[in-house]
Structure formats: C-alpha cells, structure tokens
Amino acid sequence: MFQDNALLAQLKQQIQENLPKKEGTIKATEKGFGFLEVDAKTSFFIPPPYMKKCMHGDKVVAIIRTEKEREVAEPQELLEQGLTRFIGRIKLFKGRLNVVPDHPQLKGLSLKAKTRKGLKQDEFKEGDWVVAHVIRHPLKDDNGFFVEISEKITTADDKIAPWWVTLAQNDLPNTEPAGIDNWERKDPSELQRKDVTHLPFVTIDGESTKDMDDALHAQKLDNGDYKITIAIADPTAYITPDDEMDKVARERGYTIYLPGRNIPMLPRDLADNLCSLIDNEVRPALCCEVTVKKDGVIDNDIEFFAADIKSHARLVYDHVSDWLEAGKSENWQPCDLTASVVRDLYDFSLARSSWREANAVVFPDRPDYRFELSEDNDVVAIHSEMRRTSNKLVEEAMITANICAGRVLSKSFETGVFNTHSGFKAEKIKDVIALVNPENSDPIHTVESLSTLEGFAALRRELAAQESTYIDNRIRKLQAYSEVGNEPKPHYAMGLDVYATWTSPIRKYGDMVNHRLLKAHILNQEPTQIPDDKLGEELAIHRRHHKIAERTVGDWLYARTLSGAPEAQTVFTAEIFDINRAGIRARLMENGATVFIPNSLILNDKKRLETNNEEGKILIDKDVAYKLGDQFEVTLHEVNMENRSLVAKPVKVFSSSAPTETEESE
C-alpha cells in the first residue's frame, strides 16, 4: 500500500533533493560494484544494486548518501552514455536473445536484445559475435537496459573471429574497395613522363609482397658521391581528387595491416597489378633524383619528375641480405649490372646511416615479430626478426626520398602532408632537465637547448649511447606524440627539420595528396588538391584505430598460442616498458607478447613493496627491485581467453629474506 502513497513519494523526493549531488564518470569492476570518478583525486563507491542503473563510461549526476558509515553514490541522471555501439556475444536465456558485451568492465552484463529489421532471430546461436546498440537506458527508462542487434559478425567457432571481430570493433572495413572494369590513365595533358625504362631499377621486398610501391637505382660517381633515383608507384595517374575512389581512399586513410592479412586502401587490381612495380613491366611512377655526398649529406640538386619505368629485377630482402652480409646467397645470384646497383645502394645507405647517427636520431634496433599462420588460421610459429642489411638499405632510401619531398613542398607551396614531432611536452621539459643533468655540476641541457631540434637530437643520441635504457624509457613518457599536419614543421623524434612521406601512395592517402602536390611542382602550376586542416586529424584517427586493431588481433593470437604455457612453466625473458600502481607491464623478448605482472605476484606483502610511478621503479624494503628497461625471467601465471590477456610472474620471487627460485619459495 506504501508503494502508491503520494506523500511517501513526495517525502522521498524531498530527501533526495536535499542530498548532495556529484557529477562524474562511472568506472565499473568485474565484481559488480563500481566507482563514480569525480576527478583525479575524488571518487565514490557505487554498490552493486545501484550499478544496475548504469554502465562503465557513463557520465552521470549521482546523489551522495551515507550508508553504513560510508559515502556511496547513487546515479540519478544520465548526462552522456558511455556505450552506444558495441561488440558482444549472443547468450540465449529461455530461448530469448541476450547480448553479453565483449568489454573488460562489462563481462558479467547480459542485456536483453532484439534484432534490427531484416535480421531473423533464429539465425543467431549461442556465442555468435554481433554488433549491438544500446537503445534503452535505465536512467532514462525504468524498464532497464535494452539493445538492438544490427549485424552478425561471425559464428562462435570461427577461427577467423579475431580478425572479423576486431575490424567490427574499430568500425573498420573488412574487404578491399570495389574496383572498376577498365582503369584509365588520367594524367594532365601538360605532364610529360620521361621514358627511363632503360635505367636498371630494382625492387627489394618481402617474398610474398604484391603491392610493390618503390624501385631503386644508385650509381657511385667518380668523386665518391652517389646519384640516387627513387621511383614510386603512381596511383594518382589513375585517380583524380574528384573521383569516387579518392573519397574511398580518404575514408580509409591507410591499408590496414593485421597479423596474417591486410585490407588494402585501394582495389587490389590497382594496388597489386596496374600500379605495382612488377619486374619487366612498364609502370607509371613519380621519381626523385638527388646526389648524396660520400659523407651522407643530401645535396640541393633535388629533381622530381614523372616517368614510365621498368623494374629490372624483383629482389627479396633475405636473399639480398645474405649476399651483402656473406658475399653469397644460395637463393640468388645477381647479374653484374644488378650486383653493381645493389652494391652502390648499400654503400649509399651506409653513408646516410652514418650521417644520421652523427647528426639526427636513429632508432635502436629492435626485433619485429611475425605470426606464421596455417591455411586454417592456426598460429604455426611466431618469428622474431631483426632488420637486416637490405631492410636498412631500403629504409635509408625512403627516408632520403621523404626528406627531399619535405624540402620541395615546403619551398614550393609551404604546405603538404607532413609528419611532425614537437619534442618534449612543454609542461614536462623541466622534469627532463632534472632527470638528464648530472648532480652537483653545471647543467649540460637547458630548457632553451632542449626546445631546439639540435638540442633534442643531441640528447637522444647521448641516451642511445648509454648501456642502460632506464633514462631513455623514462623520458620517452615525457615526449609529445607524432602528428600529421599541413605545415612544414620539424620532426624532433627523427632529428629532421622537415619530413613529408610520398613513398607509399598505394597504402597511404596522405602520400597520394603529396604526389599531386609534387606533380604541381613539376608542372610549376597551382596544386589540384591542397590538404585542409581536417586531413591530418582524420589520418591520425585512422592510424590510431589501425594500431589498436593490430594490437588487439595480436593479443588474441598470443592468448591462443600461449594457452598451454602456464601448465608447461615455460620460461621467457621479459623487458619492462611500464610500471604503474598495480604492477609491471613487460614485453616477452622471444615472441613480442605483452604481459602484466601484478604486485601480488612480485611480493605478497603490501607493506614491504612500494611502486614509484614517477620514477618507473618498484622498491622492496626500500631497495630498487625492478625499473624500466630491466630484463628478467618470467613464467606465465594465467592466460585469460575472455580478455585475451597474459598474466606473468617472476621466476625469482622475493621472500622474507633474499630472492629465491619460485619452486623453492613454494
């Protein structure tokens, strides 16, 4: 009878109106309770019954009341929904559709669902992967959460699920763009292509590469300098800024590279055939010719021109590396002309590499990790591969070409698609100075010096020469992020005053834009396309989503592959790249997998263990036990297939006295 009592309802409302209210964001936990995070230092506990009204990520207004001598938050008003579109799995409850979100903070949540018009309910089985949308929220409707299924991604047992689910999760395409029956050249009538098919260009790529977008030629001059010609595939010969295909390319931004497969930015008949610099086939290209001095300095005689070229040899990275490093290759024996070109390219790359090591910034060599998949998408092996001689050769040629493009676009138009990096975050530069300057001596590095390209690059070179990577790891966290923009600004992280990529137009939309600008430079005309302010933001978003997708598929495959490692107690070498309040994040050097090592598996005694996030250290009994950059042995403690996460523990653990072997401590 009290439920319908108007006076009681009015009294309840008056009480709630008099209670304090806070605005914040919901943080859910796997145990059913949550927190209202008001700011970085203030949060309120949300009991499980109140969490049924909201989801992780919701921005809400909550009343704050005291229950059992503890302040708790009860969400009352939804300001912004944290989750609208999401990926989930079908759960059938008494024959009715429910969807369980595939989200770490929403794992236990089962939401009532219906299918969008055109989808049949009986097509969905337990565990199927779907795209769903929240169409009813308890804070707006007292009837609880309700979702609508808009798409079936794949079935529960599909081995390709990691790829399809990840692409859907990031709202990325899962197929190549549709091509057309007859591609036609659309060069402007004024553009005269040079015939350089006689020049013995070579391509150097992976054995399975089809979209070959660069061909190289080098000739060592009598004075020891090098004449370098870089030819780049030219899809803008077929696609104008007004074509529908250009809009598709811009919407995609980049070719999507995932372990074991890629989703091209352009149709494969264009990327893998008409534009690909296939050996002994005449192809349209944009070329850059420049002299590189014997000391590695790029001369000012940069010339860009449109051409028809022909690759005279299709070479493979490993074969060329074997030949250069050992003087022979079992799989490849070049003719004299090709051998001469490759040797001159190699010598050029050594000169450029030496110059960059002394004057710019060279990234330290780290292994690349590659998944080898069977025909039915099982992981056969995970290969750890260091960049070899031929990889570095091609890299130096591409960097040279992009420096040249940056200089020309900056001088001709003062615009283009530039890769930039601003060095240290302005608010963090004093922290850097405190970290890198010796104690009790005159400062070597100052705010003024580290704000310049030269000073930043000098510090990076200094840190690269140190035996320990601890300081280097710490200051990386104080650096700004790389950006893509339309102004010719420096790239501090590379130590270069200007950098504009144009060497992968088959795979990067920004490179297509730079091709058009370079053609306008060649013709001494106004560009047909000028990059607007939004383009850099769009490309940055695309790049971020692609990196997330690549990492997500990798995590999934690592979890599959290493599922038996905890039982087998396989020992791995881990390198620390992050330390936070909860523990250590590290990378397994054998295969590249990321693992988390919680504090409880380092030492199950909170009083003795101290985590210093700022300094990137973990202390035990006030002594440094672990720090950024350290390598040590671990075994996997748990492989969580639901979250696709790996939890590890050190082989040596800390006990009441000294570190001991895990087996002995147990």
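Residues numbered from 1 in each chain as written. Predicted model: local features only at pLDDT ≥ 70, side-chain atom pairs only at ≥ 80, totals over all residues. Heavy atoms only, no water.

Under an unreviewed UniProt entry, the name given to the protein chain is Exoribonuclease 2, and the organism recorded is Vibrio gelatinilyticus. Database annotation for the protein chain, UniProt heading Subcellular location (unreviewed entry): "Cytoplasm". The UniProt entry for the protein chain carries this comment under Function (unreviewed entry): "Involved in mRNA degradation. Hydrolyzes single-stranded polyribonucleotides processively in the 3' to 5' direction." (UniProt positions renumbered as here; feature names shortened; annotations may be inferred.)

Colleague: Whenever I open this one, the overall build of the protein chain confuses me. Can you help?
Modeller: Along the backbone of the protein chain there are 17 helices and 32 strands. The C-alpha atoms of the protein chain give a radius of gyration of 29 Å, which matches the 26 Å a tight globule of 666 residues would have. On the principal axes, the C-alpha backbone points of the protein chain span a range of 100 × 70 × 50 Å. Within the span of the protein chain, comprising 666 residues, buried residues form 48% of the whole. Taking the contacts inside the protein chain whose residues are at least 6 apart along the sequence as the reference set, 64% of them involve residues at least 24 apart. Within the structure as shown, the protein chain displays about 34,100 Å² of accessible surface, and the carbon and sulfur contribution to it stands at 46%. (Helix = DSSP H or I, 4+ residues; strand = E, 2+ residues; numbered from the N terminus. Rg over C-alpha atoms; globule rule 2.2 N^0.38 Å. Buried < 20%, exposed > 50% of the residue type's maximum accessible area, 1.4 Å probe, protein only. Contact = heavy atoms within 4.5 Å. Areas by Shrake-Rupley, 256 points an atom, 1.4 Å probe, with all protein chains shown as cover.)

Colleague: Which parts of the structure should I look at to understand the UniProt feature "domain: S1 motif" (unreviewed entry) in the protein chain?
Modeller: With numbering aligned to this structure, UniProt lists the feature "domain: S1 motif" (unreviewed entry) at residues 569–652. The span residues 569–652 is 5% helical and 61% strand by assignment, and the distance between its end C-alpha atoms comes to 13 Å.

Colleague: Would you mind going over the packing of helix 8 (residues 389–412) against helix 13 (residues 509–523) with me for this structure?
Modeller: The relative placement of two packed helices is expressed as an angle between their axes plus a distance between the axes. Where helix 8 contacts helix 13, the axes come no closer than 10 Å and their chain directions differ by 60 degrees. What the angle tells us is that helix 8 and helix 13 run oblique. Along this stretch, helix 8 crosses helix 13, giving a crossing that reads as left-handed. From helix 8, Ala405, Val408, Leu409 and Ser412 reach across to helix 13, where they touch Asn514, Leu517, Leu518 and His521. Classifying every residue of the contact of helix 8 with helix 13 gives 5 nonpolar, 3 polar and no charged. (Axes fitted to C-alpha atoms, helices over the stretch in contact; angles between N-to-C directions. Parallel < 35°, antiparallel > 145°, perpendicular 65-115°, else oblique. Left-handed = near helix turned anticlockwise from the far one by under 90°. Nonpolar A, V, L, I, M, F, W, Y, C, P; charged D, E, K, R; others polar.)

Colleague: Would you mind going over the pairing of strand 8 (residues 111–115) with me for this structure?
Modeller: Strand residues, when the strand is regular, have side chains that alternate between the two faces of the sheet. On strand 8, burial follows the alternation: Leu111, Ala113 and Thr115 on one face are buried, whereas Lys112 and Lys114 on the facing-out side are not. Where strand 7 (residues 96–101) meets strand 8, 2 bridges bridge the pair, whose relative direction is antiparallel. Within strand 8, the position partnered with asparagine 98 by the bridge is lysine 112. Pairing analysis gives 3 bridges linking strand 8 to strand 10 (residues 146–154), with the strands arranged parallel. Across the sheet, the residue bridging to alanine 113 is valine 147, located in strand 10. (Pairing = 2+ DSSP bridges.)

Colleague: Explain helix 8 here, please?
Modeller: An α-helix turns once every 3.6 residues. As a result, residues three or four positions apart point the same way. Between the first and last C-alpha of helix 8 there are 35 Å, a value that for 24 residues agrees with the 34 Å anticipated at 1.5 Å per step. With 17 of its 24 residues buried, helix 8 lies for the most part within the structure. In the stretch just after helix 8, glutamate 414 is the one whose phi turns positive, near 55 degrees. (Expected span 1.5 Å × (residues − 1).)

Colleague: Looking at this model, I keep getting lost on the sheet that holds strand 7. Mind explaining?
Modeller: In sheet architecture, strand pairing relies on hydrogen bonds along the backbone and comes in two forms, parallel and antiparallel. Pairing is mixed around the closed barrel formed by 5 strands, whose spatial order is 6-7-8-10-9. Strand-to-strand, the axes of this sheet are offset by a mean angle of 55 degrees, without reference to chain direction. Where strand 6 (residues 85–93) meets strand 9 (residues 129–136), 5 bridges bridge the pair, whose relative direction is antiparallel. Within strand 9, the position partnered with isoleucine 87 by the bridge is valine 131.

Colleague: Sorry if this is basic, but what is going on with the packing of helix 6 (residues 317–326) against helix 7 (residues 336–359) here?
Modeller: Two elements in contact, helix 6 and helix 7, have axes separated by 12 Å at closest approach and are oriented at 75 degrees. In terms of their interaxial angle, helix 6 and helix 7 are classed as roughly perpendicular. Contacts between helix 6 and helix 7 pair Val320, Trp323 and Leu324 from the former with Ala339, Val342, Arg343 and Tyr346 from the latter. Across the contact of helix 6 with helix 7, the residue classes tally to 6 nonpolar, no polar and 1 charged.

Colleague: How should I be thinking about the pairing of strand 20 (residues 379–385) in this particular structure?
Modeller: As paired elements, strand 19 (residues 368–373) and strand 20 share 6 bridges and run antiparallel to each other. Across the sheet, residue phenylalanine 371 finds its bridge partner in strand 20, namely isoleucine 382. The hairpin turn running from strand 19 into strand 20, its antiparallel successor, is 5 residues long, and asparagine 377 in that turn takes a positive phi close to 70 degrees.

Colleague: Before we go on, may I ask you to explain the packing of aromatic side chains in this structure?
Modeller: Given two aromatic rings, one states the distance between the centres and the angle between the planes to describe the pair. Under the defined criterion, the tally for this structure stands at 10 aromatic pairs. Between tyrosine 626 and phenylalanine 632, the aromatic rings sit 4.8 Å apart at their centres with planes inclined by 50 degrees, giving tilted as the arrangement. Tyrosine 626 sits in the buried class, given a relative accessible area of 6%. Judged by its relative accessible area of 13%, phenylalanine 632 falls in the buried class. Taken together through their ring pairs, the aromatic side chains of Phe33, Phe35 and Phe45 make up a single cluster. Above the face of the phenylalanine 305 ring, lysine 194 is positioned so that its terminal group lies 4.4 Å from the ring centre. One cation-aromatic arrangement involves arginine 587 over phenylalanine 577; the distance from NZ or CZ to the ring centre is 4.7 Å. (Phe/Tyr/Trp six-rings, centres within 6.5 Å; stacked < 30°, edge-to-face > 60°. Lys NZ or Arg CZ within 6 Å of the ring centre and 35° of its normal.)

Colleague: Whenever I open this one, the pattern of salt bridges confuses me. Can you help?
Modeller: Oppositely charged side chains are able to pair whenever their charged atoms sit close together. Considering all chains together, one arrives at 43 salt bridges under this definition. Linking aspartate 472 and arginine 476 is a salt bridge whose minimum nitrogen-to-oxygen distance equals 3.0 Å. Pair noted here: aspartate 472 and arginine 476 are both in helix 12 (residues 470–476), with a separation of 4 residues, about one helical turn. The class of aspartate 472 is buried, set by a relative accessible area of 12%. When salt bridges that share partners are traced, they join Arg185, Asp187, Arg193, Asp234, Asp308 and Lys519 into one network. (Salt bridge = Lys/Arg side-chain N within 4 Å of Asp/Glu carboxyl O.)

Colleague: Is there a simple way to explain the side chain of threonine 501 in this structure?
Modeller: In this structure, threonine 501 sits in the loop between strand 22 (483–485) and helix 13. Residue threonine 501 is classed as buried on the basis of its relative accessible area, which comes to 9%. A polar contact is formed between the side chain of threonine 501 and the side chain of aspartate 511, at a distance of 2.6 Å. Apart from residues no more than four positions distant in its own chain, threonine 501 is found in contact with Asn402, Val417, Asn419, Gly510, Asp511 and Asn514. (Polar contact = N/O pair within 3.5 Å; in protein donor to acceptor, adjacent residues only side chain to side chain.)

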